[in-house]
Amino acid sequence: MATSNVTCPAPMKATSNGAFQHENPLDYAVPLIILQICVVVTFTRFIAFLCKPLKQPRVIAEIIGGILLGPSAIGRSQKFLDTVFPKRSLTVLDTLANIGLLFFLFLVGLELDMRSIKKTGHKALAIALCGITVPFVLGIGTSFVLRATISKGAEAVPFLVFMGVALSITAFPVLARILAELKLLTTDVGRIAMSAAAVNDVAAWILLALAISLSGDDTSPLISLWVMLTGAAFILFAVFAIRPLLAYMAKRSPEGEPVKELYICITLTLVLACSFVTDTIGIHALFGAFVVGIIMPKDGPFAGVLIEKIEDLVSGIFLPLYFVSSGLKTDVATIKGGVSWALLALVIFNACFGKIVGTVVVSLLCKVPFRESLALGFLMNTKGLVELIVLNIGKDRKVLNDQAFAICVLMALFTTFITTPIVMAVYKPARRGAPYKHKTIQRKDRDSELRVLACFHSTRNIPTLINLVESSRGTRKRGRLCIYAMHLMELSERSSAISMVHKARNDGIPFWNRTENDKDQMVIAFQTYEKLSSVNVRPMTAISALNNIHEDICTSAHQKRVAIIILPFHKHQRVDGTMESLGHSFHVINQLVLSHAPCSVGILVDRGLGGTSQVQASDVSFNVVVVFFGGPDDNEALAYGLRIAEHPGIVLTVVKFMSPPGTTLSFGAKLVGVASDKSRTIVIDDSEGSNHGGNKNQDEQYWTEFLNAKSSNEESIKYEEKLVESKSDIETALKELSRSNLILVGRMPPVAPLVSTSDCPELGPIGSYLSSSSFSNSASVLVIQQYNPSTDMHPLVMEEFDCPEVPDTPRN
């Protein structure tokens, strides 16, 4: 009896004994998957770096990276594929990628708040429905053309449903990222787009479930009906049985206490269990994970902790594997010949035409302006991960062949890639604001409310900032102080940045008020301080890329009608007293705010004013010094000092520097100022009788007001005059002030620079010296620039008298 010589290849073992045992690690599953992960993450991050100047979302880089690693480019080398992505390893790669995808879809569901979808307005709902219907119909029409050409033999009903879903999807997570990058999140366009995309996302999953139920091997309509009914029963079970358990665990995880490890373990196990159930039903394992995310209670810290625990690992490591897994199935070379390229053009045209034209027409009917309607059309045309999920499921179920799959992947890539540049070209939202009066601390009506925008990066800045606020509150019954405490956060690549959409207010920039159920630990201190004082504190958060977060600061300053913006210095003091930089980005932020601010600006060099904790009002005992040389910036510093002097626990000392008759404080040096346009500088004429940015009469007039204030408050205000004949005399006099708690100084007084070189020109000639480690390790410094309308050449907000006033941020 003859025996067959054909044998099945042995399954891959998990680990090797090592190269010294003459074994190739790439023949074993664990070393090979480690290599694949390293290659995928490194390559896709490199592509993301290249795409960053184009403002493309990372998903674009990951799709491109997956295609390039596949048989379309690098994978054309059979040796590369056999070495790094051999066929025997693809099962392990796909399994790991899909496990990561399960948890990513759980995160997406976790961030989709059904309550916000219920509140979707009629305008957004109409746009969403039309944005689904028109491209779905066109997708069905496209499917007939494809079945007649490159997809002959494909089952009619599943194929047309898959094509309809593929063309009608809008990627909610990708759209949120694009809107955040373009600062459109809280514009009318952004709000409508996100509401419509959320509705679209839910509808897409329902349509996808329908497509999957119709695409099984058994094409009996009865089987498909059973799949749909069982899926609906699972959703009801999840809502009425699983959700109470999740709500119980969320309720047992109070604010400020660590979430129990058992609760996290139970939740993640439920995600896997529900994924198993939906896969058993015949829908797809992804649906189970998505449903658990949707029904998860969104209030309290529990959901946030879950996101924090799994997001970085899933999004950073496992999710790129899914894009590479898709890329290995995508062979652009299958698109050859005039017919195939014509079909690619047809699919792209129908996808764009259906979404863009359908959205624009309905938007115009809803009385949305044409430019905004056009921007909405392109935004709703954004594809992404859900599109790839649809296509991969269609490929795995043999509904889509290689050529149809490649065409649809390129369509998704193209439509998403063009979104950002076209929206930037067709829609630039105008920042408009109503003019306001008090843009400086120095003012005639000293009893009017003082509004301050105090910015901070981390907890390090907060004690000094609160103690500065406490010092500034004054004692007048009519003189009020309102502080807008803005936490500056960098817009990260994390998908959880989507959650900002649900909390964004109608303020025209991406910040929101914190609620009691969503505490920012860095805002709690301000809320506590407000309860203990008569100061109105309005905590806010600005989330943007660091290279343009200055736009949010300046825009919100105008909308909140503040008199001064207080920024943290980009260096912090170490234990040994030296100043250490926090990074070049923070340095640039301060320079840009100085150039574009609609009001006065103060840069706070923090050396621990009042220590590392908040000082109670009754315990305040500060020595504050105003260094006065003349000019508008010093006048502003003096005005702030007079306000601080009203606090009963503060002694204000004003030190006026004077030069001998016939000389000036420049001592022959050229005084160089920084214009709003940073490409040019201004050489200030400091001949006798003139001074920086103003005139001598104004200085004398305000100095007279100061002397009057001093005469009525001799105990709290002291005055000294220093006659100086050289720069060394100024340094000696300033050294005597190094034990003060706080020094106020103008940014550009008419005085010679005290340091030969400085990496902080934004602090001016005196501020640069006072901020140096050699000056002091205990005296905090506030360097103030007074708002000057004549140099406000590039405002970020255009003032219009007919512009409606933005409602103020409500207090928590």
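For every chain, the first residue of the written sequence is number 1, and numbering continues from 1 along that sequence. This being a predicted model, a pLDDT of at least 70 is required before a residue's local features are given, and a value of 80 or more before pairs of side-chain atoms are given or counted; all residues contribute to the totals for chains, interfaces and linings. Each side-chain value is worked out from all heavy atoms of the structure, with water and hydrogens disregarded.

> So what about helix α17 (residues 402-417)? Which residues, and what values?
Residues spaced three or four apart along an α-helix face the same direction, because each turn holds 3.6 residues. Between its first and last C-alpha, α17 extends 22 Å over 16 residues, near the 22 Å set by a 1.5 Å rise per residue. By the criterion of burial, α17 is predominantly enclosed, with 13 of the 16 residues buried. Secondary structure follows DSSP: runs of H or I at least 4 residues long count as helices, runs of E at least 2 residues long count as strands, and numbering of each begins at the N terminus. How far a helix is expected to stretch is found by multiplying one less than its residue total by 1.5 Å. Only protein chains enter the accessibility calculation, which uses a 1.4 Å probe; a residue whose area is less than 20% of its type maximum is buried, one above 50% is exposed, and one in between is partly exposed.

> Lay out helix α10 (residues 221-251) in plain terms, naming residues and giving numbers.
Taking 1.5 Å per residue, 31 residues should reach 45 Å; α10 reaches 44 Å between its end C-alpha atoms and fits that length. Along α10, the residues classified as buried are Ser-224, Val-227, Gly-231, Phe-234, Ala-238, Ile-242, Leu-246, Met-249 and Ala-250. In what follows, residue pairs with any heavy atoms lying within 4.5 Å of each other are defined as contacts. Looking at the packing, one finds that the buried side of α10 touches α9 (188-213), α11 (261-281), α12 (285-295) and α13 (301-329).

> Report on the pairing of strand β6 (residues 564-568), specifying residues and quantitative values.
If a strand is regular, its side chains alternate between the two faces of the sheet. Burial analysis of β6 places five of its five residues in the buried class, which makes it a mostly covered element. A two-sided burial pattern is seen for β6, the buried positions comprising Ile-564, Ile-566 and Pro-568 on one face and Ile-565 and Leu-567 on the other. Bridge analysis of strand β2 (residues 450-456) against β6 gives three bridges, and the strand direction is parallel. Across the sheet, residue Val-452 finds its bridge partner in β6, namely Ile-564. In this scheme, strands are said to pair when DSSP sees at least two bridges between them.

> Kindly report on unusual backbone geometry, identifying the contributing residues and their values.
The phi dihedral of His-22 is positive, around 60°, even though this residue is not glycine. Examined against the element boundaries, His-22 turns out to sit in the segment before α1 (29-51). Note on His-22: relative accessible area 79%, which makes it exposed. Its identity is not glycine, yet Lys-367 carries a phi of approximately 65°, on the positive side. On the secondary structure map, Lys-367 appears in the loop between α14 (337-365) and α15 (370-380). In this structure Lys-367 comes out as exposed when scored by relative accessible area, which is 76%.

> Explain the packing of aromatic side chains residue by residue, including any values.
To describe a pair of aromatic rings, one takes the distance between the centres and the angle between the planes. Working definition: a ring pair exists when centres of Phe, Tyr or Trp rings (six-membered ring for Trp) sit within 6.5 Å. Plane angles under 30 degrees give stacked, over 60 give edge-to-face, the rest tilted. Tallying each qualifying case throughout the model produces six aromatic pairs. With a centroid separation of 5.2 Å and 85° between ring planes, the pair formed by Trp-205 and Phe-287 is classed as edge-to-face. Placement of the pair is Trp-205 in helix α9 and Phe-287 in helix α12, with a sequence separation of 82 residues. Three or more aromatic residues link up through ring pairs in this structure, and these residues are Trp-205, Phe-287 and Phe-290. The rule is short: NZ of Lys or CZ of Arg within 6 Å of the ring centre and within 35 degrees of the ring normal puts a charge over the ring. Positioned above the aromatic ring of Phe-405, the side-chain terminus of Lys-395 is 5.9 Å from the ring centre. The side chain of Lys-439 reaches across the aromatic face of Tyr-436, ending 5.1 Å from its centre.

> Can you break down a nonpolar patch on the surface residue by residue, with the values?
On the surface, a cluster of nonpolar side chains totalling about 480 Å² of accessible area is made up of Phe-349, Phe-353, Val-357, Val-361 and Leu-365. Residue placement: Phe-353 occurs in helix α14. Its relative accessible area of 38% is what places Phe-353 among the partly exposed residues. Candidates for patches are residues over 30% relative accessible area with no salt bridge; among them, like charges are joined within 9 Å and nonpolar side chains (Val, Leu, Ile, Met, Phe, Trp, Tyr) within 5 Å. All accessibility values rest on the Shrake-Rupley procedure with a 1.4 Å probe; residue burial counts only the protein chains present in the view. The salt bridge criterion pairs a side-chain nitrogen of Lys or Arg with a carboxyl oxygen of Asp or Glu, the two atoms within 4 Å.

> A description of the pattern of salt bridges should follow, citing residues and the corresponding values.
Going through the model one piece at a time under the given rule, you end up with seven salt bridges. We note a salt bridge from Asp-396 to Lys-329, for which the minimum N-O separation is 3.4 Å. With Asp-396 in helix α16 (residues 385-396) and Lys-329 in helix α13, this pair connects stretches of sequence that are 67 residues apart. Look at Lys-329 and you get partly exposed, because its relative accessible area is 22%. Arg-451 is the partner of Glu-449 in a salt bridge, and the nearest nitrogen-oxygen pair spans 2.8 Å. Each member of the pair, Glu-449 as well as Arg-451, carries the same accessibility label: buried. One network of salt bridges, with partners in common, ties together Glu-720, Lys-722 and Glu-736.

> Describe the packing of α11 against α13, and please don't skip the residues or the numbers.
Angles shown run from 0 to 180 degrees and are taken between the N-to-C directions of axes, each axis being a line fitted to C-alpha atoms and, for helices, limited to the stretch in contact. The geometry of α11 relative to α13 is characterised by a closest axis approach of 11 Å and an angle of 75° between their N-to-C directions. Accordingly, the angle class assigned to the pair α11 and α13 is roughly perpendicular. Here α11 contributes Tyr-263, Ile-264, Thr-267 and Leu-268 to the contact with α13, which in turn contributes Phe-302, Val-305, Leu-306, Lys-309 and Ile-310. Note on residue classes: Ala, Val, Leu, Ile, Met, Phe, Trp, Tyr, Cys and Pro are nonpolar, Asp, Glu, Lys and Arg are charged, and everything else, Gly too, is polar. In terms of residue class, the contact of α11 with α13 is made up of seven nonpolar, one polar and one charged. Angle categories are assigned with fixed cut-offs, so that under 35 degrees is roughly parallel, over 145 is roughly antiparallel, 65 to 115 is roughly perpendicular, and the rest are oblique.

> Explain the environment of Ser-195 residue by residue, including any values.
With respect to the helices and strands, the residue Ser-195 is situated in helix α9. Sequence spacing of Ser-195 and Ile-127 is 68 residues, and the spatial spacing of their C-alpha atoms is 9.5 Å.

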